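In case you want the letters, here they are:
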Amino acid sequence: MSIFPSSLTNAIARQYDLFQQSLESMARDRAFLNYGLADFSAPHDSLEHRQQRLCEETFRAAEIEPHHVVVDVGFGSGEQDFRLAASTPFRQLIGFNISQRQVHGAAARAAREGLEHRLLFRHGEAEVLPGVEPGTVDRLVAIECAFYFDRPRFYARAAEVLRADGLLVLADIQLHDRLAFLTRREDLRRVGTWSSNERHWEPHVRLRSRRNINRETRPGVQMCVGEILRTQLRERLTPSERLEWMKMAFYSQLVALGLWSGLVSYDLLVFETRSGR
Ligand SMILES: C[S@@+](CC[C@H](N)C(=O)[O-])C[C@H]1O[C@@H](n2cnc3c(N)ncnc32)[C@H](O)[C@@H]1O
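Predicted, not measured: the structure shown is a model, and the values here were computed from it.

## A closer look at the overall build of the chain
(1) Moving on: Secondary structure assignment for the chain yields nine helices and seven strands.
(2) Moving on: The globule rule puts the C-alpha radius of gyration for 277 residues at 19 Å, and the 18 Å found for the chain is close to it.
(3) Moving on: If you line up the chain on its principal axes, its C-alpha atoms span 50 × 50 × 45 Å.
(4) Moving on: In the chain, once contacts between residues fewer than 6 apart in sequence are set aside, the share between residues at least 24 apart is 73%.

Spelled out as structure tokens, the structure:
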């Protein structure tokens with residue numbers, strides 16, 4: 001197995017470098033990059049509030065305690081971790097991201113805010129988690145990014161770094177088993193179906209709970225598509241930035257249709273280690 005990132009991982013890293021570059025140029029470099037979670041009692045809630053709620057719900061499911069070491073993979077701009085640090089006690093959070101630009105942005109902000117000992121942001125793949133010793137992590141969280149990972153390697157490495165009573169918590173998107181025929185493409189193979197993903201996590205971790213959030217995430221997906229299209233009209237972006245945002249709008253629209261039809265599933269998943277509890 002190669003220790004070097006695949007060309008797909010490199011392409012994803014470049015895509016998020018470009019997103020971060022354009023968000024910085026729009027002075028929106030603290031933006032969340034997820035579809036958000038609706039609260040139907042607040043129908044006029046902003047996209048940002050919904051995105052914040054998705055992060056809060058995921059961290060709540062992780063049951064973080066003051067002595068915990070937390071690993072957050074695919075942290076985007078890092079905004080979710082700064083908000084967590086302001087609201088929740090924990091010992092240390094180590095973030096991993098393949099976008100060098102997002103790592104730089106988040107690490108520089110942690111230093112500016114005097115949080116560099118509590119919030120560490122590192123360049124590295126979720127499948128590798130460089131420098132993390134086995135059995136040293138209490139909570140491993142991935143918000144809206146596990147569908148980018150090489151899942152068999154990710155689940156194995158997650159189980160290795162977690163303590164016996166550790167939890168892996170994912171806000172995760174996958175395909176219905178009926179769409180298994182699509183997973184011949186490498187990018188869609190990483191998204192996976194419920195059955196293929198289950199086959200990959202089963203040897204390493206045990207599913208403790210699953211909460212389907214298709215209904216709560218779908219309105220935010222539609223809001224993201226609208227926001228991206230409006231940005232295309234308003235902002236001066238480079239051609240490469242524009243292309244990546246348009247691809248994101250296109251795939252997000254497919255996700256919206258998938259969530260609506262049930263052919264795509266968005267879940268909050270909590271896993272425990274096989275040796276724990
Ligand atoms: C859709 S964004 C989600 C960002 C953030 N969690 C949020 O909710 O706003 C996906 C993030 O995962 C990161 N990512 C994708 N593949 C990764 C990998 N293999 N290892 C680490 N990070 C990865 C991207 O660079 C990006 O920051």
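## A look at the nonpolar core
(1) Moving on: Core analysis: the largest hydrophobic core is formed by 70 residues, its most contacted members being Val71, Val141, Ala142, Ala158 and Leu168.
(2) Moving on: Counting residues per element, this core draws most heavily on strand β5 (residues 162–175), at eight residues.
(3) Moving on: Those residues in contact with Ala158, other than ones at most four positions away along the chain, are Leu140, Leu168 and Val205.

## Points about the environment of Pro152
(1) Moving on: Along the chain, Pro152 falls in helix α5 (residues 151–161).
(2) Moving on: Put simply, Pro152 and Glu202 are 50 residues apart on the chain and 10.0 Å apart in space, counted from C-alpha to C-alpha.

## A closer look at the packing of α5 against helix α7 (residues 194–201)
(1) Moving on: Two elements in contact, α5 and α7, have axes separated by 8 Å at closest approach and are oriented at 40°. Judged by the angle between their axes, α5 and α7 are oblique. Handedness of the crossing formed by α5 with α7: right-handed. On α7, the residues that touch Arg151, Pro152 and Tyr155 of α5 are Asn197, His200 and Trp201.

## Section: the sheet that holds strand β4 (residues 137–143)
(1) Moving on: Pairing is mixed in the open sheet, where seven strands are placed in the order β3-β2-β1-β4-β5-β7-β6. What marks the edges here is a single partner per strand, and that holds for β3 (119–123) and β6 (205–212). The mean inter-strand angle of the sheet, taken between neighbouring strand axes irrespective of direction, is 20°.
(2) Moving on: Docked against the sheet, α5 engages β4, β5, β6 and β7 (264–273), running at close to 155° with respect to β5.

Calculation criteria
- Residues numbered from 1 in each chain as written.
- Predicted model: local features only at pLDDT ≥ 70, side-chain atom pairs only at ≥ 80, totals over all residues.
- Helix = DSSP H or I, 4+ residues; strand = E, 2+ residues; numbered from the N terminus.
- Rg over C-alpha atoms; globule rule 2.2 N^0.38 Å.
- Contact = placed C-beta atoms within 7 Å.
- Core = buried A, V, L, I, M, F, W, Y, C linked by C-beta atoms within 7 Å.
- Buried ≥ 20, exposed ≤ 12 C-beta atoms within 10 Å, placed from the backbone.
- Axes fitted to C-alpha atoms, helices over the stretch in contact; angles between N-to-C directions.
- Parallel < 35°, antiparallel > 145°, perpendicular 65-115°, else oblique.
- Left-handed = near helix turned anticlockwise from the far one by under 90°.
- Pairing = 2+ DSSP bridges.

So, to be careful, I would describe these as geometric facts and stop short of saying anything about function.
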